[in-house]
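# Survey of secondary and tertiary structure
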Amino acid sequence: MRKGVASFSGLAVIVISVLGGARPAPAQQPTGQVVRLGEGETLTITGFINGTLFNDVGLFSSFGQGQNAEIAAPRVPIVGPPAVPAQPGVNQGIFDGDARNTRINFTFNSQPVLGKWAPRATLEADFFGALNGAPPYGDEQPQFRIRHAFVDFSNGRTTLRIGQFWAPFFNTDIPVSLAHIPFPVGLGSGGVVGWRFPGVFLYHDLTPTNPLKLQIQVAALKGSGPPAGAPSNDVATGIGNGEASGVPQFETRLNLARKFTNVSWSGYVVYHIDWKDPNGTGVPGSNITDWGVESGHSIAAGSFTLHGNFYYGKGLGTQFANIHQFQPQIRGWGAWAQAGYDFTAHWSVWADYGMDQPDYARFNRETTLTLARQLSHTGSAMLRFRAGRYAAGLEYFRNVMRWSNGISSADQYSLSALYTL
């Protein structure tokens, strides 16, 4: 009991000190604050505080405005399904602010307990949950939300992870942005795909010390998808068609990295497969199979950085692909690339372009249905200042969307600041 009280007191002190103001570090890295809990246990606290002021010219749909703006609303309403409100005809601009992406991470580490095998636990949260009511006051009260929660058992080269974390299909090397961190530039609209799920993850370093580093990842993840309609009762019970299949999602990924004299390169290739029950629980019928492949690469040479990825697959709406549409028959592809250049120790420029193109013509032939979102182009540009743990950026973001009833666009201008704990 004494140990628990002492640990809680130490945690309270370190949280207060972190939120009150940490000492600056020479680089913007999440080095965090470390508190020792006794018996070889440590707690590392990392995270960042992120705030954005933005002006949207034209409205975004699906995910909303601000830090999660991705898809331009249509010029004419989509009757549905799903029903989508239209762009306002006049007076399209709004000015707003967003601080929901402020994030905190608690990682507990322990000494080895079985040979070289040691346990570790991580809890990460942000404030990107639902707003606590409508304007004028509710939109300044975002709610706490769990992002990651998992337990590791690792010997340094092999790690078994159980809990919620990024699926291997998600490229953690996302486009650099200070305004679009939780919903990266192009997520669901410009080739950035993948999501986090509860599951079992296995990571193994094949060549940890060789010039060419190889790592294999294997994961079995909970099923995912929207609930089937009547006659199933899945809408009321909150069971998605991926969960109703009775089979997990499976993914496997190979990471590669090589550092040369003046150039660093990393890349990966990943395969995804899942099953969905379109009829739902309690209704006879067979599962359908969906799949996807993806590859991404990053090159850093001196002050220049170039990175991006490409995906192709079928029924990948639950991975934010196919412009975030869930019909299992959709096939499509997407890609993005971003270039960045540090022209001083503090100043850099970044430019991104991505697109997502479901095969709407094939979907129409095979189902006689019409996709609401048929083609998306996303672009961004940023001027960033960075000094130690502090960064600020001026950004421009634009999405052009071809809806089933015409082409629309929306633009965002933003000023953001980020402080890394």
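Just so it is clear, the structure is predicted and the values come from calculations on it, not from any experiment. Just so you know, the residues in each chain are numbered from 1, in the order the chain's sequence is written. Residue-level local features of this predicted model are given only where pLDDT is at least 70; pairs of side-chain atoms are given and counted only at 80 or more, and the full residue set underlies all totals for whole chains, interfaces and linings. The side-chain figures draw on all heavy atoms in the structure; neither hydrogens nor water molecules are used.

### A few points about the overall build of the protein chain
The test is simple: Note on conventions: DSSP H or I runs of at least 4 residues are helices, E runs of at least 2 residues are strands, and numbering of each starts at the N terminus. Note on method: radius of gyration uses C-alpha positions; expected globular size equals 2.2 Å times residues raised to 0.38. Exposure classes here rest on a 1.4 Å probe applied to the protein chains alone. A residue is buried below 20% of its type maximum, exposed above 50%, and partly exposed in between. Pairs of residues are marked as contacts when any of their non-hydrogen atoms sit within 4.5 Å.
Secondary structure assignment for the protein chain yields 4 helices and 20 strands. Taken against the 2.2 N^0.38 rule, which gives 22 Å for 421 residues, the C-alpha radius of gyration of the protein chain at 22 Å falls within 12% of a compact globule. For the protein chain, the residues scored as buried account for 46% of the 421 residues in total. In the protein chain, of all internal contacts separated by at least 6 residues, the share reaching a separation of at least 24 is 61%.

### Let's talk about the nonpolar core
Selection rule: By nonpolar core we mean a set of buried residues, namely Ala, Val, Leu, Ile, Met, Phe, Trp, Tyr and Cys, connected to one another through side-chain atoms within 4.5 Å.
In terms of nonpolar packing, the biggest core is built from 20 residues, with I71, F183, M401 and W403 touching the most fellow members. Once you skip the residues sitting within four places of it in the chain, I71 turns out to touch F60, S61, S62, F63, G188, S189, I323, R373, N399, M401 and W403. Residues F165, W166, A167 and A219 belong to the second largest nonpolar core, which totals 10 residues.

### Considerations on the side chain of R384
The condition is simple: The charge count treats Lys and Arg as positive and Asp and Glu as negative. His and the chain ends do not count. For salt bridges, the criterion is a side-chain nitrogen of Lys or Arg within 4 Å of an Asp or Glu carboxyl oxygen.
Within the secondary structure, R384 sits in strand β18 (residues 373-387). Summary of buried charges: R384 has no salt-bridge partner, and the nearest side chain of opposite charge, D342, is 4.1 Å away. Filtering out sequence-adjacent residues up to four positions away, R384 remains in contact with V176, L178, D342, H346, W347, S348, W350, A392 and G393.

### With respect to the pattern of salt bridges
Following the criterion strictly, the structure yields 13 salt bridges and no others. With a closest N to O distance of 2.8 Å, K276 and D290 form a salt bridge. One end of the pair, K276, is in strand β13 (residues 263-276); the other, D290, is in strand β14 (residues 288-301), and 14 residues separate them in sequence. Several salt bridges share partner residues, and in doing so they unite R103, E124, D126, R145 and R147 into one network.

### Here's the deal with unusual backbone geometry
Excluding glycine, a negative phi dihedral is what most residues carry, and trans is how most peptide bonds are arranged. At the junction of P135 and P136, the peptide bond is cis and its omega measures out at 15 degrees in the coordinates. Position of P136 relative to the elements: it lies in the loop between β7 (118-126) and β8 (145-154). With an omega dihedral of 15 degrees, the bond running from A230 to P231 counts as a cis peptide bond. Examined against the element boundaries, P231 turns out to sit in the loop between β11 (212-221) and α2 (234-237). Even without glycine at this site, S62 takes up a positive phi of about 70 degrees. Turning to its location among the elements, S62 is positioned in the loop between β3 (60-61) and β4 (71-72). The backbone of N322 shows a phi angle near 55 degrees, a positive value even though the residue is not glycine. Along the chain, N322 falls in the loop between β15 (304-314) and β16 (331-342). For N322, a relative accessible area of 0% gives the class buried.

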